[in-house]
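# What the coordinates show
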Amino acid sequence: MIAVDRWTGEEALLLRSVMRASVREFAGRLGISPRTVSNWQRNKTSVCRPQMAQILDTALLQCTPAEQEAFSLRLAALRGASTPLNAESAARPAPCTVVSHKFLPVYLGERSTPLYAAGSPCEPGPGGLEQRVLPADHHSAQSSTVHIYACGVAVVHLEEHHHHLESLTELALWRYRTYLKEPGWVGEWMAHLLARHGDGTDHPAQSLVPQYVLSAYELRTHSWSSAGLDTALQLLATPSVLVNRQNPADVVPLGPGVEEAKFRDGWAHPEAVTFDGGVSRGVVGWSGVAYHPQQDERALTMSQIVALELDVQALWALSSHILHTIEDGQDPVMPTAYGWRFLRSAYFRLTTARPTETAQHRVMREAILATSELPDRLRAAQDALRDSSP
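Presented here is a report on the structure given in the accompanying data block. None of the values given here were measured: they were computed from a predicted structure.

Attention now moves to the overall build of the protein chain. Counting secondary structure elements, the protein chain contains 15 helices and eleven strands. Dimensions of the protein chain, computed from the C-alpha atoms along their principal axes, are close to 80 × 45 × 40 Å. Expressed as a percentage of its 390 residues, the buried residues of the protein chain come to 52%. For the protein chain, restricting intrachain contacts to residue pairs at least 6 apart in sequence, the fraction spanning at least 24 positions comes to 70%. Summed over all atoms, the accessible surface of the protein chain reaches about 18700 Å², with 50% contributed by carbon and sulfur.

Right under this line is the structure:
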């Protein structure tokens, strides 16, 4: 958590906001007069005396982990806006907290029918795709679920928390090393689900292995100022520049000083797309999304990004199945309900702005769609289905 080296009225009020306490409730928890809290509201720049600073330090330590993370995030944004760190301290690797989201799509076709029937109802995402959810039992994820789509695709979603990361290289190594294991685990879990809910037909795990893993990262706490934050998000979205992947079974750091040099030079991937709305920052690359809500009460939620990625990855897997069928010299055959008209409808839902959509959500959606190249694949799959229709 970011240390508070000097408490002012502004930091004290920030603490009250994350505790969601009224003036009287906050004063009662601190054992001070409500008048003191009111004085902070009138004069936010007033510096707290040492005794009061100790009281605030104690109150912060007594907060829940979620409240402490929220305070750290908002304090980092506050300092970045009003009292930025000097360039030397900002532009270097630093500890942070990151939440990882992995998406592993599998095309099941008709095999998905019993799983869909067994799943719990789930609200459609931005693509308007009917889906249901089954629980998974991943060994390290805080949350693991299987989203079963009526169109014949399953997308496994793994949420994993990384506290006290010392560097982004550390996270990049974890990412690529776990990428070797996750597809096999997904194949085994899907085989388990089909054996449990299916008709008794044997489904080899090897036939249920995802072709790829896509990641999204939420940067929750950090100590970077504006320039360092931009570089950190770029590295989160495209971590391949930090590691040597010549031997996939033994991914190693590129070498000492590589991450430091990236921060020092303000590195940015030439093909990455940035999005922000003044209260958040995000970067989208071919292999993932990195996002930081600077003022989380007004910013996009990570759940909105996850909902979009689930639909994007489901449609990517569906369109890939159709295009691979054509590459194999066969005519793609899909149920009427999920033919070219279904793809056309999904395309327009994903690419057309809604009246209630915020500017933040629009730029995020456009950035993810642009880097995924999903719209082009949907159009190609749509044309293929239309051409093969009798």
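For helix H13 (residues 340–351), which comprises twelve residues, the first-to-last C-alpha distance of 16 Å matches the rise-based estimate of 16 Å (1.5 Å per residue) to within 8%. Residues of H13 that are buried: Trp 340, Phe 342, Leu 343, Ala 346, Tyr 347 and Leu 350. Seen along its axis, H13 keeps its buried residues to an arc of 155 degrees; they face one direction. Structurally, H13 contributes buried residues whose contacts are with helix H12 (302–327), helix H14 (359–372) and helix H15 (374–388).

We now examine the sheet that holds strand E1 (residues 96–107). In space, the nine strands of this open sheet follow the order E2-E3-E4-E5-E1-E6-E11-E10-E9, with mixed pairing throughout. Unpaired on one side and paired on the other, strand E2 (120–122) and strand E9 (273–276) mark the two borders of the sheet. With direction set aside, neighbouring strand axes in the sheet form an average angle of 25 degrees. Lying on the sheet, H14 is in contact with E9, strand E10 (280–285) and strand E11 (288–293); it crosses E9 at an angle near 165 degrees.

Here the structure, examined in full by the defined rule, presents one cavity of 30 Å³ or more. When its volume is computed, the largest cavity comes out at roughly 30 Å³. Lining the largest cavity are Leu 168, Leu 171, Ala 172, Arg 175, Tyr 217, Leu 235, Leu 236 and Pro 239. Listed by contribution, the elements that provide at least two residues to the lining of the largest cavity are helix H8 (168–179) and helix H10 (226–237). Examining the composition of the lining of the largest cavity, we find that four residues originate from one element, H8, more than from any other. In terms of residue class, the lining of the largest cavity is made up of seven nonpolar, no polar and one charged.

With that settled, the discussion passes to the nonpolar core. Ranked by size, the top nonpolar core spans 50 residues in total, and within it Val 146, Leu 168, Met 190, Trp 224 and Leu 236 carry the most contacts. Elements with a contribution of two residues or more to this core: E1, helix H7 (113–118), strand E4 (143–149), strand E5 (153–165), H8, helix H9 (182–197), strand E6 (214–221) and H10. Looking at this core, the element that brings in the most residues is H9, giving seven residues. Core analysis: the next-biggest nonpolar cluster, separate from the first, contains 45 residues, Leu 300, Leu 308, Ile 322 and Leu 374 among them.

The next thing to look at is the environment of Gln 62. Note that Gln 62 resides in the loop between helix H4 (50–61) and helix H5 (65–82). Note on Gln 62: relative accessible area 58%, which makes it exposed. Considered as a pair, Gln 62 and Leu 254 are 192 residues apart in the sequence and their alpha carbons are 41 Å apart.

It is worth spelling out the packing of H8 against H10 at this point. In contact at an axis separation of 10 Å, H8 and H10 are set at 15 degrees when each is read in the N-to-C sense. Between H8 and H10, the angle is such that the two are roughly parallel. H8 and H10 meet at a crossing whose hand is right-handed. Between H8 and H10, the contacting residues are Leu 168, Leu 171 and Arg 175 on the first element and Ala 232, Leu 235, Leu 236 and Ala 237 on the second.

A few words now on the pairing of E6. Among the eight residues that make up E6, seven are buried, leaving the element largely enclosed by the rest of the structure. Pairing of E1 with E6 involves seven bridges; the strand directions are antiparallel. Among the inter-strand pairings, Lys 102 is bridged to a residue of E6, identified as Ser 215. Direction of pairing for E6 relative to E11: parallel, over a ladder of four bridges. If you follow Ser 215 over to E11, its bridge partner there is Gly 288.

Looking now at the state of the cysteines. A disulfide bridge is the covalent bond that connects two cysteines by way of their sulfur atoms. Under the definition given, this model contains zero disulfides. No disulfide involves Cys 122; its nearest neighbouring cysteine sulfur is the one of Cys 151, lying 13 Å away.

This part takes up unusual backbone geometry. A negative phi holds for most residues other than glycine; trans holds for most peptide bonds. In this structure, His 164 takes a positive phi of about 60 degrees despite not being glycine. Locating His 164 in the fold gives a position in strand E5. Taking relative accessible area as the criterion, His 164 reaches 62% and is therefore assigned exposed.

Before going further, it helps to spend a moment on the packing of aromatic side chains. Taken as a whole, this structure holds eight aromatic pairs when the rule is applied. Centroid distance Phe 275 to Tyr 291: 6.1 Å. Interplanar angle 10 degrees. Geometry classified as stacked. Of this pair, Phe 275 sits in strand E9 while Tyr 291 sits in strand E11, and the two are 16 residues apart along the sequence. Side by side, Phe 275 and Tyr 291 carry an identical accessibility label, which is buried.

What counts, and where the lines are drawn
Residues numbered from 1 in each chain as written. Predicted model: local features only at pLDDT ≥ 70, side-chain atom pairs only at ≥ 80, totals over all residues. Heavy atoms only, no water. Helix = DSSP H or I, 4+ residues; strand = E, 2+ residues; numbered from the N terminus. Buried < 20%, exposed > 50% of the residue type's maximum accessible area, 1.4 Å probe, protein only. Contact = heavy atoms within 4.5 Å. Areas by Shrake-Rupley, 256 points an atom, 1.4 Å probe, with all protein chains shown as cover. Expected span 1.5 Å × (residues − 1). Arc of directions from axis to C-beta. Pairing = 2+ DSSP bridges. Axes fitted to C-alpha atoms, helices over the stretch in contact; angles between N-to-C directions. 1 Å grid on protein atoms, 1.4 Å probe; cavity = no way out; pocket = protein on both sides within 12 Å on 5 of 7 lines; lining within 4 Å. Points joined across faces, edges and corners; volume = space filled by probe spheres on them. Nonpolar A, V, L, I, M, F, W, Y, C, P; charged D, E, K, R; others polar. Core = buried A, V, L, I, M, F, W, Y, C linked by side-chain atoms within 4.5 Å. Parallel < 35°, antiparallel > 145°, perpendicular 65-115°, else oblique. Left-handed = near helix turned anticlockwise from the far one by under 90°. Disulfide = S-S within 2.5 Å. Phe/Tyr/Trp six-rings, centres within 6.5 Å; stacked < 30°, edge-to-face > 60°.

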